[in-house]
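Here is what each chain is made of, one letter per residue.
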Amino acid sequence: MEQEILKVLIRHAAIERRVRAVARHITGDFKGQRVHLIGVLKGACIFLSDLVREINLETSIDFIAVSSYGRGKDSSGQVRLLKDLDSNIQGLNVILVEDILDTGLTLNYLLRVLKQRKPKSLRVAALLDKPARRLKTVKADYVGFKIPNDFVVGYGLDYAERYRNLKDVCVLSLLPEQS
Ligand code: 5GP
């Protein structure tokens, strides 16, 4: 058994301010147009729901689910589509909404899949960016926060499906249980 230690990295108030700034940026970039937000389940659901409410444009949303991480902290390195989009994105201004950009394998895979469907434009919004671990040269057009190479939970991000409900983003450390 391991002991789980949480340390706040980004407070909810700072997240709220940054989400509003990213939304303003998107609103300015797509003036007078509709944007179609695609959330990557499950991690991006909280970020997407806060972000979309701050965008002052005509919007629509959809979700896609992939698996790259298992139940633990390490990536399997394999990306698999678990749930496809509900509707066609041809001709739409798509913004793919990610919780965190880490190795870039997930985003690289999703961009390849979505480009084939001929959206009018395709951009990426990521709440968090961990550039230290990048294996693929992909980047987000809108980034909430650049963070160091720590494993984080909260504001949608999980550890074995727990902690998604934390309002702050926290670093999770695992310590061997004392006996
Ligand atoms: P990538 O394919 O870029 O390595 O990883 C993307 C996915 O891995 C994210 O959408 C997220 O689900 C998961 N991930 C990467 N880093 C972290 C982290 O620090 N914490 C959590 N909870 N998930 C992470």
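Worth saying up front: this structure is predicted, and the values here are computed from it rather than measured.

What counts, and at which threshold
- Residues numbered from 1 in each chain as written.
- Predicted model: local features only at pLDDT ≥ 70, side-chain atom pairs only at ≥ 80, totals over all residues.
- Heavy atoms only, no water.
- Salt bridge = Lys/Arg side-chain N within 4 Å of Asp/Glu carboxyl O.
- Helix = DSSP H or I, 4+ residues; strand = E, 2+ residues; numbered from the N terminus.
- Buried < 20%, exposed > 50% of the residue type's maximum accessible area, 1.4 Å probe, protein only.
- Near = heavy atom within 4 Å.
- Polar contact = N/O pair within 3.5 Å; in protein donor to acceptor, adjacent residues only side chain to side chain.
- Areas by Shrake-Rupley, 256 points an atom, 1.4 Å probe, with all protein chains shown as cover.
- Nonpolar A, V, L, I, M, F, W, Y, C, P; charged D, E, K, R; others polar.

Student: Looking at this model, I keep getting lost on the pattern of salt bridges. Mind explaining?
Tutor: A side chain of one charge can pair with a side chain of the opposite charge when the charged atoms of the two come close. Taken as a whole and judged by the stated rule, the model has eleven salt bridges. Between Glu 4 and Arg 162 there is a salt bridge; the shortest N-O distance is 2.9 Å. Placement of Glu 4 in strand S1 (residues 2-10) and of Arg 162 in the loop between strand S8 (152-153) and strand S9 (169-176) is noted, with a sequence separation of 158 residues between them. What makes Arg 162 partly exposed here is its relative accessible area of 38%. Look at the salt bridges and you will find they share partners, linking Lys 42, Asp 158, Glu 161 and Arg 164 into a network.

Student: Any chance you could explain the site of the ligand here in plain terms?
Tutor: Around the ligand there are 16 residues in total, and Asp 99, Thr 103, Thr 106, Val 152 and Asp 158 lie nearest to it. Between Thr 106 and the ligand, the recorded distance is 2.5 Å, taken from a side-chain N or O atom to an oxygen atom. Lys 130 places a polar side-chain atom, nitrogen or oxygen, 2.8 Å from an oxygen atom of the ligand. In isolation the ligand exposes 510 Å². Once the protein is present, 92% of that is buried. Listed by contribution, the elements that provide at least two residues to the shell around the ligand are strand S3 (58-69), strand S5 (93-101) and helix H3 (105-115). With three residues, S5 is the largest single contributor of residues to the shell around the ligand. Considered class by class, the residues forming the shell around the ligand number six nonpolar, four polar and six charged.

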